[in-house]
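The residues making up each chain are set out below.
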Amino acid sequence: MSQTKTAPIDENAKIRDLEPERKDSAGTYLTTDQGIRVDDTDNSLKVSARGPTLLEDFHFREKITRFDHERIPERVVHARGSGAHGYFQVYASLKDLTRARFLQDPSVKTPVFVRFSTVVGSRGSADTVRDVRGFATKFYTEEGNFDLVGNNIPVFFIQDGIKFPDVVHAVKPEPDREIPQASSAHDTFWDFASLVPETTHMLMWILSDRAIPRSFRMMEGFGVHTFRLVNDQGKSRFVKFHWKPLLGVHSLVWDEAQKISGKDPDFHRRDLWDAIEKGAYPEYELCLQIIEEDEADSFDFDLLDPTKIVPEELVPVRRVGKLVLNRNPDNFFAETEQVAFCVQNVVPGIDFTDDPLMQARLFSYLDTQLTRLGGPNFAQIPINRPVARVDNHQTDGFHQHRIPKGRAHYTPNSLGGGCPMVAGPGAGAFTHYPEKLAGVKQRARSESFGDHFSQATLFWKSMSTPEKEHLVKAAVFELGKCESRVIRERMVERFTRVDAAFGQTVAAGLGLTAPAGVGATVKKVAQAVAQKLGTKRTVSESPALSMENTVKNSIRTRRIAVLAEKGVSLAELSAVRNALVAEGAEVHVISSKLGTIEAAEGVHVEVDRASLHVSSVLYDAVFVPGGAASVEAMKKLGDPIHFINEAFRHNKPIGATGEGVELLLASSIKGVTVASAQAAGQTFQAEGVVTVRGASDLTAFIQELVKAIAQHRHWNRAEKEAVPA
Ligand code: HDD
């Protein structure tokens, strides 16, 4: 046997550093998952150009395999969502209330990721359906992650989490036909709701305008449950978390929401993305309602009942800090899809209560991620990774990304120097609040949870007249979509228990008769519960519940359409556009064709959108500048007239200058006839319709228009139902 001769080895060669190549950013060359550079990704490897593909082609196989496995299970609820990065900053230290460090230092901006969502629809469903919106916030604090997994409605359908699969099965598409998508307007939902009285309060919210927000940027958020805040001295107080948007709380109109579902199913997602890209960062204030332990029993409801609010008139909300969303995700899947919120994620200083809905959630969220994200290491996915250091012996499992070192992966150990070791509270450990408990094991519902109507009635009574009208219409719409008359009748009875007039109006809309005399039983139950609670503090109306009383002082980020054709008055268009943009609005010139139009002054004006691509439902307001030729042309076109009619019907502000007023007169909208009587130069406003003719100075007109747009909608427009749109 001949001896093999080995080549001389360079003893000084360095082991290649692995890390520099492990970058997430796009590199120059296309490679396989193993880092092999690829020479052709358009043609598979074949035996002759027209022959069969070879199994040997590892790039082809890997590419197809990876594609085949791109989807993960969508969330069982809240599948449709949009996320954004940002930060939270507390205004002043809350040390007196909580040990949580991110709530103590006003100089710290805690990074956050927020995901907004609808509940019912699939991942690809439309944004503007009637539904609750999720408002989930992950705070990456120095003490670990805190997830505030809330909704834009402060109460929930059910009181005990054991019923969650039932309510979700009922509202999701019906199991035999998988219809309808993303809608509660069908028999199984209302069948369930009509059989479960504890749903009543939440049903009022879901039928209200809260369930069709104008934007994620214009809705409130609520932690729903009563949580605890615990300070350094171990003192605990109850707390309700609220988010209040600085832009106010605003909604769409139901007809508009349905049309948007077709015109732009990504309406809310796009709105959030665009606002952040433009630097109009969505902002919300974190607000707390603090309830001392000895006040907990002072209300006419049980603080642990998640179907109840604490009226702001009883316990004021304290604005304690600001959330700013200032960065869009780099990758939807990696961040928004893979983010895993868990109600169990709290930091020292924030603790749970015995709310039975919350207790169920403490189990459900971690559990669901195991299937959705394929194993127990999902907290290592970048979007879920805490900024706080993570050290423990929970090793192994699918997709372990860390490489734990050492031999001792157990506690106690001496081989690892005893590390990692448990920390005392002095070293920042989480210690569960030592709540004193004693009781008999039983499956039961507390009698103090028994009043399902008082707060539903409170909600109804606190609504403005237009809000009440919308609520009735929503109920008639939803129940009218149910095939079963029995279900409709049961719900009419329920609504009559909330308020006789409400029940009767819904009944009339459905061609039914509301039952008489059901109010007495409701009162009796409420009294029994109040007696049980030995009570108590209450309110009969809560103005804070009405969106009528929201912030209406700005037109920032409102989308305004300017309708124009060839011959438009550039002077009027520019004066108004510039003023609106200066106020923070987004203005689009809409015309029959893309490109430019020649203004009356001879200059060319850029068209931002063609009428083919947009519709009034995608805008907050509309302005028609003068220019005789432009207006004459638009009078002959269906689109601009329809635009105005529809905007009017949806209560949107409408402005017109000069000959632009003629287009309003040519439309079917009501109330503008008065405008023809106005003297030259005068401004005129009728329910959000602002016009001026022959004015050399548009200052007064602009002021009126801005005011009208800041109102958001003009709900009391007479005869709007008569306008064809
Ligand atoms: Fe839930 C997701 C909010 C009750 C079980 N829930 C989920 C999300 C939000 C909420 C915002 C989406 C988070 C995200 O964007 O990823 N859920 C609520 C609120 C509730 C509530 C405010 C009542 C106060 N949920 C609730 C109960 C259970 C669940 C009672 C189960 C017993 N929720 C889940 C879940 C989900 C979820 C199945 C689906 C996807 C996920 O958790 O991560 O575990």
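Counting restarts for each chain: residues are numbered from 1 in the order of the written sequence. The predicted origin of the model limits local features to residues at a pLDDT of at least 70 and limits the giving and counting of side-chain atom pairs to 80 or more, whereas totals for whole chains, interfaces and linings rest on all residues. Excluding hydrogens and water, the side-chain values take into account all heavy atoms of the structure.

Peer 1: Give me the pairing of strand 11 (residues 559-563): which residues, what numbers.
Peer 2: Working definition: with a 1.4 Å probe on protein chains only, accessible area under 20% of the residue-type maximum means buried, over 50% means exposed, and in between means partly exposed. Secondary structure elements follow DSSP: runs of H or I no shorter than four residues count as helices, runs of E no shorter than two count as strands, and numbering proceeds from the N terminus. The element strand 11 is largely enclosed, with a buried count of five among its five residues. Alternating positions in strand 11 separate into two faces, Arg559, Ala561 and Leu563 on one and Ile560 and Val562 on the other, with burial throughout. In this sheet, strand 12 (residues 586-591) lies alongside strand 11 in parallel orientation, the contact comprising five bridges. Bridge assignment links Ile560 to a residue of strand 12, and that residue is Val587. Tracing the backbone out of strand 11, into helix 14 (residues 570-582) and back to the parallel element strand 12 gives a crossover that is right-handed. Examined bridge by bridge, strand 11 and strand 16 (residues 621-624) share three bridges and lie parallel to one another. Across the sheet, residue Val562 finds its bridge partner in strand 16, namely Phe623. Think of it this way: DSSP has to see at least two bridges between two strands before they count as a pair. By the criterion used throughout, a crossover qualifies as right-handed when its path from the first strand across the helix to the second strand runs clockwise, the strands pointing away from the viewer.

Peer 1: So what's going on with the coordination of the iron atom of the ligand? Residues and values would help.
Peer 2: The sole protein-derived ligand of the iron atom of the ligand is Tyr365 (OH), positioned 1.8 Å away. Turning to its location among the elements, Tyr365 is positioned in helix 8 (residues 356-372). Donor criterion used throughout: N, O or S atom within 2.8 Å of the metal, extended to 3.2 Å for Na, K and Ca. Water excluded; incomplete-looking sites may result.

Peer 1: Tell me about the nonpolar core, residues and numbers included.
Peer 2: By nonpolar core is meant a set of buried Ala, Val, Leu, Ile, Met, Phe, Trp, Tyr and Cys residues that side-chain atoms within 4.5 Å join together. Formed by 52 residues in total, the largest nonpolar core has its most connected members in Phe157, Trp190, Phe495, Phe502 and Val506. Elements that contribute at least two residues to this core include exactly helix 2 (164-171), helix 3 (187-195), helix 4 (200-207), helix 9 (454-462), helix 10 (465-480), helix 11 (485-498) and helix 12 (500-510). In terms of residue count, the dominant contributor to this core is helix 4 (six residues). Two residues form a contact once any of their heavy atoms are found within 4.5 Å. Residue contacts for Phe495: discarding those within four places in its chain leaves Trp190, Leu207, Ala475, Leu479, Phe502, Gly503 and Val506.

Peer 1: Give me the lowdown on the packing of aromatic side chains, citing residues and values where you can.
Peer 2: When we look at a pair of aromatic rings, we describe it by the centre distance and by the angle of the planes. Two rings from Phe, Tyr or Trp (for Trp, the six-membered ring) form a pair when their centres are within 6.5 Å of each other. A pair whose planes differ by under 30 degrees is stacked, one over 60 is edge-to-face, and the rest are tilted. Taken as a whole and assessed by the stated rule, the structure comprises 25 aromatic pairs. Three or more aromatic residues joined by ring pairs form one cluster here, namely Phe88, Phe102, Phe116, Phe135, Phe139, Phe146, Phe216, Phe227, Phe241, Trp243 and Tyr284. Taking NZ or CZ as reference, Lys109 lies 4.5 Å from the ring centre of Tyr87, over its face. Distance and angle both matter: a charge sits over a ring if NZ of Lys or CZ of Arg is within 6 Å of the ring centre and within 35 degrees of the ring normal.

Peer 1: Please provide a residue-by-residue account of unusual backbone geometry, values included.
Peer 2: When glycine is set aside, most residues are seen to have a negative phi, and most peptide bonds are trans. For the bond running from Ile179 to Pro180, omega is -5°, close enough to zero to count as cis. The linkage connecting Thr411 with the following residue, Pro412, adopts the cis geometry, with an omega of -5°. Tracing the sequence through the fold places Pro412 in the loop between helix 8 and helix 9. Residue His78 is not a glycine yet carries a positive backbone phi of 60°. As for its placement among the helices and strands, His78 is situated in the loop between helix 1 (58-68) and strand 1 (81-90). Despite not being glycine, Val224 shows a phi value in the positive range, around 65°.

Peer 1: Mind laying out the site of the ligand, listing which residues take part and the relevant values?
Peer 2: Neighbouring the ligand are 23 residues, the closest being Arg75, Arg115, Arg361, Tyr365 and Gln369. Definition of a polar contact: a pair of N or O atoms within 3.5 Å, with one able to donate and the other able to accept a hydrogen when the atoms are protein atoms, and with sequence-neighbouring residues admitted only if both atoms are side-chain atoms. A distance of 2.6 Å separates an oxygen atom of the ligand from a polar atom in the side chain of Arg115. For the ligand, an oxygen atom lies 2.8 Å from a polar atom in the side chain of Gln369. Elements with a minimum of two residues in the shell around the ligand: strand 3 (133-141), strand 4 (144-151) and helix 8. Among the elements that take part in the shell around the ligand, helix 8 stands out by supplying seven residues, more than any other. Here the term charged refers only to Asp, Glu, Lys and Arg, the term nonpolar to Ala, Val, Leu, Ile, Met, Phe, Trp, Tyr, Cys and Pro, and the term polar to all other amino acids, Gly among them. Its residues assigned to classes, the shell around the ligand comprises eleven nonpolar, nine polar and three charged. We call a residue near a molecule or strand when any one of its heavy atoms sits within 4 Å of it.

Peer 1: Tell me about helix 3, and please be specific about residues and values.
Peer 2: For helix 3, the full list of buried residues reads Asp187, Phe189, Trp190, Phe192, Ala193 and Ser194. For helix 3, the elements touching its buried residues are helix 2, helix 4, helix 10 and helix 11.

Peer 1: Tell me about the domain arrangement of the chain, and please be specific about residues and values.
Peer 2: Note: domain ranges come from an automatic or database domain assignment. What the domain assignment lists for the chain is domain 1 (81-160 + 209-384) and domain 2 (552-722). One C-alpha centre belongs to domain 1, the other to domain 2, and the line joining them spans 37 Å. At the junction of the two partners, domain 1 supplies 18 residues and domain 2 supplies 18 residues. Summed over both partners, the accessible area (1.4 Å probe) lost when two parts come together is defined as the buried area. Both faces combined, the contact of domain 1 with domain 2 buries some 1,500 Å², and carbon together with sulfur accounts for 53% of it. Counted as salt bridges are all cases of a side-chain nitrogen of Lys or Arg within 4 Å of a carboxyl oxygen of Asp or Glu. The interface formed by domain 1 and domain 2 holds five salt bridges in total.

Peer 1: Lay out the side chain of Ser667 with the relevant residues and their values.
Peer 2: Looking at the secondary structure, you find Ser667 in the loop between helix 17 (660-666) and strand 18 (683-686). Within the structure, Ser667 has its side chain in polar contact with the backbone oxygen of Leu664 (distance 2.6 Å).

Peer 1: Can you break down empty space enclosed by the protein residue by residue, with the values?
Peer 2: Method remark: on a 1 Å grid restricted to protein atoms, a set of points is classed as a cavity if a 1.4 Å probe fits but cannot get out and as a pocket if it is open with protein on both sides within 12 Å along at least five of seven lines; lining residues have an atom within 4 Å of a point. Grid points are joined across faces, edges and corners, and a volume is the space filled by probe spheres set on the points. Using the criterion set out here, one finds six cavities of 30 Å³ or more in the structure. Of the volumes computed, that of the largest cavity is approximately 180 Å³. Around the largest cavity, the lining comprises 20 residues; the ones closest to its centre are Pro154, Phe222, His242, Ile309 and Val310. By residue number, the principal contributor to the lining of the largest cavity is strand 7 (residues 236-245), which donates four residues. Grouping the amino acids of the lining of the largest cavity by side-chain chemistry returns ten nonpolar, four polar and six charged. Looking at the second largest cavity, its volume works out to about 120 Å³.

Peer 1: Explain helix 16 (residues 638-649) residue by residue, including any values.
Peer 2: Expected helix span is given by 1.5 Å per residue-to-residue step, counting one fewer step than there are residues. End to end, helix 16 covers 16 Å across twelve residues, agreeing with the expected 16 Å (1.5 Å per residue, within 8%). Looking one or two residues past helix 16, Asn651 carries a phi angle of roughly 65°, positive in sign.

Peer 1: Describe the pairing of strand 8 (residues 283-292), with residues and values.
Peer 2: Side-chain direction in a regular strand flips from residue to residue, so the side chains alternate between the two faces of the sheet. In terms of burial, strand 8 is a largely internal element, eight of the ten residues being buried. Direction of pairing for strand 7 relative to strand 8: antiparallel, over a ladder of nine bridges. The residue of strand 8 that forms the bridge with Lys240 is Gln289. Across six bridges, strand 8 lies against strand 9 (residues 318-327) in antiparallel orientation. Across the sheet, the residue bridging to Glu283 is Val324, located in strand 9.

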